[in-house]
Amino acid sequence: MAKKSVASLQTGSKRLTKAIKMVKSPKTGAYTFVESIMAPEAVNDFLKQK
């Protein structure tokens, strides 16, 4: 199912970027990764978010 959704995202837009951000959990202190697929122009805003 995930493979199908990624394929539809690639055909709907010419350029997409997958951004991966490391976020520290306030409860445990462990780091987790947050992934998002977006337009290249929105990557800097995504990485600046807390």
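- Looking at an unreviewed UniProt entry, the protein carries the name DUF4295 domain-containing protein, with the source organism given as Aquimarina mytili.

1. Focus on the overall build of the protein
Then, number 1: In terms of regular secondary structure, the protein is built from two helices and two strands.
Then, number 2: Along the protein, helices (α) and strands (β) appear in the sequence α-β-β-α when read from the amino end.
Then, number 3: Looking at the protein as a whole, 10% of its 50 residues qualify as buried.
Then, number 4: In the protein, 23% of the contacts between residues at least 6 apart in sequence involve partners at least 24 apart.

2. Some points on the environment of Phe 33
Then, number 1: With respect to the helices and strands, the residue Phe 33 is situated in strand S2 (residues 31-38).
Then, number 2: Between the alpha carbons of Phe 33 and Met 22 there is a distance of 4.6 Å; along the sequence they are 11 residues apart.
Then, number 3: Not counting the four nearest positions on each side in its chain, Phe 33 is found in contact with Ile 20, Lys 21 and Met 22.

Definitions and limits used
Residues numbered from 1 in each chain as written. Predicted model: local features only at pLDDT ≥ 70, side-chain atom pairs only at ≥ 80, totals over all residues. Heavy atoms only, no water. Helix = DSSP H or I, 4+ residues; strand = E, 2+ residues; numbered from the N terminus. Buried < 20%, exposed > 50% of the residue type's maximum accessible area, 1.4 Å probe, protein only. Contact = heavy atoms within 4.5 Å.

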